[in-house]
Amino acid sequence: MDLRIFTEPQQGATYDTLLTVAKATEDLGFDAFFRSDHYLKMGSADGLPGPTDAWITLAGLARETRRIRLGTLMTAGTFRLPGVLAIQVAQVDQMSGGRVELGLGAGWFEEEHQAYGIPFPKEKFGRLEEQLAIVTGLWETKLGDTFDFHGTYYDLTGSPALPKPAQEKIPVLVGGHGPTRTPRLAAKYADEFNMPFASVEDSEAQFGRVRAAAEEAGRRADDLVYSNALVVCVGKDDQEVARRAAAIGREVPELKANGLAGSPAEVVDKIGRYQEIGSRRLYLQVLDLDDLEHLELIASQVQSQLG
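One structure accompanies this document, and this report is about it. The residue count restarts for each chain, going from 1 along the sequence in the order it is written. Reporting of local features is limited, given that this is a predicted model, to residues whose pLDDT is at least 70; pairs of side-chain atoms are given and counted only at 80 or more, and all residues count toward the totals for whole chains, interfaces and linings. For side-chain calculations, the full set of non-hydrogen atoms in the structure is used, while hydrogens and water are omitted.

## Quick notes on empty space enclosed by the protein
Next, step 1: Any residue with an atom within 4 Å of a point lines the site, the site being either a cavity, points on a 1 Å grid over the protein atoms alone where a 1.4 Å probe fits but cannot get out, or a pocket, an open set with protein on both sides within 12 Å along at least 5 of 7 lines. Grid points are joined across faces, edges and corners, and a volume is the space filled by probe spheres set on the points. For the structure on display, the rule yields one cavity of 30 Å³ or more.
Next, step 2: The space that makes up the largest cavity amounts to roughly 70 Å³.
Next, step 3: Taken together, V232, R244, A247, I248, V286, L287, D288, D291 and H294 form the lining of the largest cavity.
Next, step 4: Any residue that is not Ala, Val, Leu, Ile, Met, Phe, Trp, Tyr, Cys, Pro, Asp, Glu, Lys or Arg is counted as polar, Gly included; the first ten are nonpolar and the last four charged. Taken together, the residues of the lining of the largest cavity sort by class into five nonpolar, one polar and three charged.

## Overview of helix α2 (residues 54–64)
Next, step 1: Under the scheme applied here, a residue whose accessible area is under 20% of the maximum for its type counts as buried, over 50% as exposed, and between as partly exposed, the area being computed with a 1.4 Å probe on protein chains only. Each helix corresponds to a stretch of at least 4 residues labelled H or I by DSSP, and each strand to a stretch of at least 2 residues labelled E; elements are numbered beginning at the N terminus. Looking at α2, one finds that the buried residues are A54, W55, T57, L58, A59, L61 and A62.
Next, step 2: Two residues qualify as a contact provided that any one of their heavy atoms is within 4.5 Å of a heavy atom in the partner residue. In this fold, the buried residues of α2 make contact with α1 (15–27), β2 (32–35), β3 (69–72), β4 (75–76), α3 (82–96) and β5 (100–105).
Next, step 3: Where α2 starts, the residue carrying a side-chain oxygen 3.1 Å from the main-chain nitrogen of W55 turns out to be D53. Two N or O atoms form a polar contact when they lie within 3.5 Å of each other; inside protein one atom must be a possible hydrogen donor and the other a possible acceptor, and for residues adjacent in sequence the pair counts only when both atoms belong to side chains.

## Notes on the nonpolar core
Next, step 1: In this structure, L3, W55, W139 and I271 are the most contacted members of the largest nonpolar core, which totals 78 residues.
Next, step 2: It is helix α5 (residues 125–140) that provides the largest number of residues to this core, a total of eight residues.
Next, step 3: Excluding its chain neighbours within four sequence positions, the residues that come into contact with I271 are M1, L3, L260, L282, V302 and L306.
Next, step 4: The definition of a nonpolar core used throughout is a set of buried Ala, Val, Leu, Ile, Met, Phe, Trp, Tyr and Cys residues joined through side-chain atoms within 4.5 Å. In this structure, A32, F34, L73 and Y283 belong to the second largest nonpolar core, which totals seven residues.

## Observations concerning the pattern of salt bridges
Next, step 1: For this analysis, a salt bridge means a side-chain nitrogen from Lys or Arg found within 4 Å of a carboxyl oxygen belonging to Asp or Glu. All chains considered together, the criterion is met by 19 salt bridges.
Next, step 2: In this structure, K169 engages D191 in a salt bridge whose closest nitrogen and oxygen atoms are separated by 2.8 Å. Of this pair, K169 sits in the loop between β7 (155–159) and β8 (172–175) while D191 sits in the loop between α6 (181–189) and β9 (192–196), and the two are 22 residues apart along the sequence.
Next, step 3: Between R273 and E201 there is a salt bridge, with its nearest N and O atoms 3.9 Å apart.

## Focus on the layout of surface pockets
Next, step 1: Its boundaries defined by the atoms lining it, the largest pocket holds a volume of some 1,200 Å³.
Next, step 2: Every residue lining the largest pocket is counted, 47 residues in all, and those nearest its centre are E8, H38, M42, F197 and Q285.
Next, step 3: Looking at the lining of the largest pocket residue by residue, the classes come out as 22 nonpolar, 18 polar and seven charged.
Next, step 4: Space inside the second largest pocket adds up to approximately 180 Å³.

## Notes on the side chain of H294
Next, step 1: Among the structural elements, H294 can be located in helix α11 (residues 292–301).
Next, step 2: Beyond its immediate sequence surroundings of up to four residues, H294 is in contact with V232, C233, V234 and R244.

## Some thoughts on the pairing of strand β12 (residues 281–286)
Consecutive residues of a regular strand have side chains that alternate between opposite faces of the sheet.
Next, step 1: Counted residue by residue, β12 has six buried out of six residues, so it is predominantly covered.
Next, step 2: Side chains of β12 alternate between two faces, with R281, Y283 and Q285 and L282, L284 and V286 buried alike.
Next, step 3: When DSSP finds two or more bridges between two strands, those strands count as paired. Where strand β10 (residues 225–234) meets β12, five bridges bridge the pair, whose relative direction is parallel. Pairing of V231 across the sheet is with Q285, part of β12.

## Some remarks on unusual backbone geometry
Only a minority of non-glycine residues have a phi that is not negative, and only a minority of peptide bonds are not trans.
Next, step 1: Note that the residue after L48, namely P49, is joined by a cis bond; omega there is 10°.
Next, step 2: L73 connects to M74 through a cis peptide bond whose omega is -10°.
Next, step 3: Structurally, M74 is set in the loop between β3 and β4.
Next, step 4: Located in the positive-phi region is A161, a residue other than glycine, with phi close to 55°.
Next, step 5: Judged by relative accessible area, A161 falls into the buried class, the value being 4%.

## Describing the pairing of β3
Next, step 1: Across the two faces of β3 the burial is the same, with R69 and G71 and L70 and T72 all buried.
Next, step 2: Bridging between β2 and β3 involves four bridges; their strand directions are parallel. Looking across to β3, one finds that R35 is bridged to T72.
Next, step 3: Crossover β2 to β3 through α2 is right-handed.
Next, step 4: Summarising the sheet, β3 and β5 pair through two bridges and their orientation is parallel. By the bridge assignment for β5, G71 is matched with E101. Note on handedness: a crossover is taken as right-handed if, strands pointing away from the viewer, the path from the first strand over the helix to the second is clockwise.

## Here's the deal with the environment of M74
Next, step 1: Judged by relative accessible area, M74 falls into the partly exposed class, the value being 21%.
Next, step 2: C-alpha separation for the pair M74 and Y39, spaced 35 residues apart in sequence, amounts to 13 Å.
Next, step 3: The contact partners of M74, leaving out residues within four places of it in the chain, are D37, G103, L104, G105, L173, V174, G175 and N194.

## Concerning the side chain of N228
Next, step 1: Among the structural elements, N228 can be located in strand β10.
Next, step 2: At 2.8 Å, the side chain of N228 and the side chain of S203 are in polar contact.
Next, step 3: Discounting chain neighbours no more than four positions away, the residues touching N228 are N194, M195, A198, S203, F207, Y274, S279, R281, L282 and Y283.

Spelled out as structure tokens, the structure:
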């Protein structure tokens, strides 16, 4: 079971804070550092000092880290044209020496689009499908060949399909709860399917849909990695769990029901339940980015028990 650190910088974080967390992620032996792609805070957080851009952040971290994977969960398809996104991700992959992964979603948070003047189209899923086709198609085009795409939303003619990533294939993540179109997209384009903030039972059902869609598309179901994203709140004792829950504005019973919360033993046990249904990777949503002792506890008493 891979454990990855997943951050939500729109809630309030500077680049320096994210760099500190990314370096701790690397030093403590976690597999990867991922971040959300949002420009507006959610809920009661103040969001100060303001948003940071996902791919600019990852470009910086690409030069400041050496081992961990770097990626988004998820890049909003509404934020970037697919040709430009393919260039950005390939360049960051080169800068990192081939450690980048792209999670790509349709975009959903209308208020942040209004706040920063970003168009929020009514039909987002069709755009996402074309974006996945274009980004992966550009990367797969052989050197010296050109790439063309003529769709409903995007039109590319004679693209040199450059630059190329450092990796032979950048892993692409697709995720979500949708019962029909989401599994189909994952089966066609994804290397990993991520189920965000879902119970063991709901995850198992959605993994089954994706596996079936993969086989219908002519792929082996096990060609994809299946993963979950879950909020994490671990403490050595009940008091420490309660303190960490309060720091992120959450209640302990709710966190235990919907995330990975409690003592290290409780969290290891719940991770085992996700592992039993086929999850092979967990994105630990860390909401208090100043609490590096939390990461140290997870590394020493949770990650160490997973083998």
